[in-house]
Amino acid sequence: MTKNDTICAISTPPGVGGIAVARVSGPDARDVVQRIWRGRRAITSAQANTCLVGTVLDTCGEALDQAVATVFHAPHSFTGEDVVEVSVHGSRWVQQELVMSLLKAGARMAEAGEFSMRAFMSGRMDLTQAEAVADLIASTSRATQRLALRQMRGAFSDKIERLREELLELAALLELELDFSEEDVEFASRERLMELTAKVCDATARLADGFSAGRAIRDGVPVAIVGATNAGKSSILNALADDERAIVSDIHGTTRDVVEDLISIGDYTVRLKDTAGIRHTTDTIERLGIERSRRALQEAAVILLVIDASNSEAPVPWDDILSAMATSPHTRLVVAANKSDLVGEICNMDIPAERAEVVSTSALTGRGIDELRSTLSSAISAALGTDADSGVLVSNARHYQALREASAAAARVLEALQAGIPGDLVAQDLRECLAALGSITGAITTPEILSTIFSRFCIGK
Ligand SMILES: Nc1nc2c(ncn2[C@@H]2O[C@H](COP(=O)(O)OP(=O)(O)OP(=O)(O)O)[C@@H](O)[C@H]2O)c(=O)[nH]1
Ligand SMILES: [Mg+2]
């Protein structure tokens, strides 16, 4: 995948569309396209960043379609190579013939992620930025799009590279000491080294801590709807999803299993889980369902408790809620005082939990559902800490793993320095810390790592 030949692929999604775009990248990109091109101006003599109108030819040399070619010159293109993007009408047949024609003209079919891989190899972007392009393409909400865009612009890699460069300088001095080991000299100031390692340890740990929020944004923020049986949980799910997702009935214990739906709330994609009402029961299946309710409760970033406000006798599973909130200190509680149509506005409800908000709702009439939506949106921001910190948020498991490794290695360096352990023993951990940091941006990498990352991309990316 590191060859320097000319590759091509359709970069628009498979299927029929208004237009489709074939990307051609490599040293012969312009010559290849010229071989299948008829137009007033030649692709080969086109200036950088210009568009040409013409006709593309099929494999038999006959006119295939009218086309627009956009010409980029190295190094000012996505891949850093010469690139021509050919836009044609998006018929499946035209797309297929266009690719065949480009192959016949001397291009090779691109492998999955090969355009992005070339962008990385030519230094147009680092690994985190290439990964962010894939994330941006996969984004499903404003929150995921922002996360990806920020990473694509390099905020995360800048942070990592700055730490690495500072540490690299001291590591070099430490390695130098090893060359003079007989003479017992210290080039690297221990104080400065300790200070810097503490900083790296702290910064990487903090970034890694943000992963659960980053992952939640990426995969959907877990929100669990819980409460007593018959409170209207499934009705609330249906109202928020604007769809008859879950079965609703006045029989207590209707929902047995967790019913999950991905919905949009504010800037977020939310993984909304309707659960079995929590109550004492001898029914084996219902009991298993209630176990799942408890698990959903433990995993939730926001707990949506539904209370039947028309029935003050209805039990509320406070024990389960309070214990879930005690174990995860960022979890927020939103209480929907439901069936408000039967009792009017609900004020002054006694909530024994902190980090909680009450909204009066009626799943039946729809009253209060918009307010519930916006209350959930703020609760999610608060639970993820995304309102306070608009900085870098890690959402990629590979970055998380590397940050954990860097932080652990930095902690070992710090410990060793504090204990006055000789430089050669410290140097090994320092090298590991640097390697972990370097693997994030791709400053240090192996062909295996690269092919694992880029082969997950699709062809044309
Ligand atoms: N009047 C009124 N009835 C409601 C409201 N929300 C739900 N209901 C009714 O309450 C009953 C129970 O609703 P569900 O949504 O099935 O309640 P649940 O909490 O999911 O119940 P389980 O699955 O058994 O735990 C149904 O008859 C609903 O039509 C509401 O806002 N007002
Ligand atoms: Mg239900």
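Above this text you will find the structure in question.
These notes cover the structure that comes with them. (Residues numbered from 1 in each chain as written. Chains lettered and ligands numbered in written order. Predicted model: local features only at pLDDT ≥ 70, side-chain atom pairs only at ≥ 80, totals over all residues. Heavy atoms only, no water.)

1. Some words on helix 8 (residues 211–219)
Here is step 1 of the chain: Taken together, the buried positions of helix 8 are occupied by F211, A213, G214, A216 and I217.
Here is step 2 of the chain: On its buried side, helix 8 packs onto helix 5 (142–152), helix 7 (190–209), strand 8 (221–227), strand 10 (268–274), helix 13 (369–384) and helix 14 (397–418).
Here is step 3 of the chain: Count one or two residues on from helix 8 and you reach G220, which has phi positive near 110°. (Buried < 20%, exposed > 50% of the residue type's maximum accessible area, 1.4 Å probe, protein only. Helix = DSSP H or I, 4+ residues; strand = E, 2+ residues; numbered from the N terminus. Contact = heavy atoms within 4.5 Å.)

2. Brief notes about unusual backbone geometry
Glycine aside, residues mostly have negative phi angles, and peptide bonds mostly take the trans form.
Here is step 1 of the chain: The peptide bond linking A74 to P75 adopts the cis configuration, its omega dihedral lying at 0°.
Here is step 2 of the chain: Mapped onto the fold, P75 is located in the loop between strand 5 (63–72) and strand 6 (83–90).
Here is step 3 of the chain: In this structure, N230 is a non-glycine residue whose phi angle is positive, near 70°.
Here is step 4 of the chain: Position of N230 relative to the elements: it lies in the loop between strand 8 and helix 9 (233–241).
Here is step 5 of the chain: A positive phi angle, close to 55°, is found at D242, a residue other than glycine.
Here is step 6 of the chain: Among the structural elements, D242 can be located in the loop between helix 9 and strand 9 (259–265).

3. A word on the sheet that holds strand 4 (residues 50–57)
Here is step 1 of the chain: As summarised here, the arrangement of the seven strands in space is 3-4-5-6-2-1-7, forming an open sheet in which the pairing is mixed. If you trace the sheet from one side to the other, it starts and ends with strand 3 (37–38) and strand 7 (108–109), each paired once.
Here is step 2 of the chain: Direction of pairing for strand 2 (residues 17–25) relative to strand 6: antiparallel, over a ladder of eight bridges. Of the residues in strand 6, the one forming a bridge with A22 is V86.
Here is step 3 of the chain: Where helix 2 (residues 92–104) meets the sheet, it contacts strand 1 (7–10), strand 2, strand 4, strand 5, strand 6 and strand 7, and its direction lies at approximately 150° from that of strand 6.
Here is step 4 of the chain: In the packing of helix 3 (residues 114–121) onto the sheet, contacts are made with strand 1, strand 2 and strand 7, and the angle to strand 1 comes to roughly 135°. (Pairing = 2+ DSSP bridges. Axes fitted to C-alpha atoms, helices over the stretch in contact; angles between N-to-C directions.)

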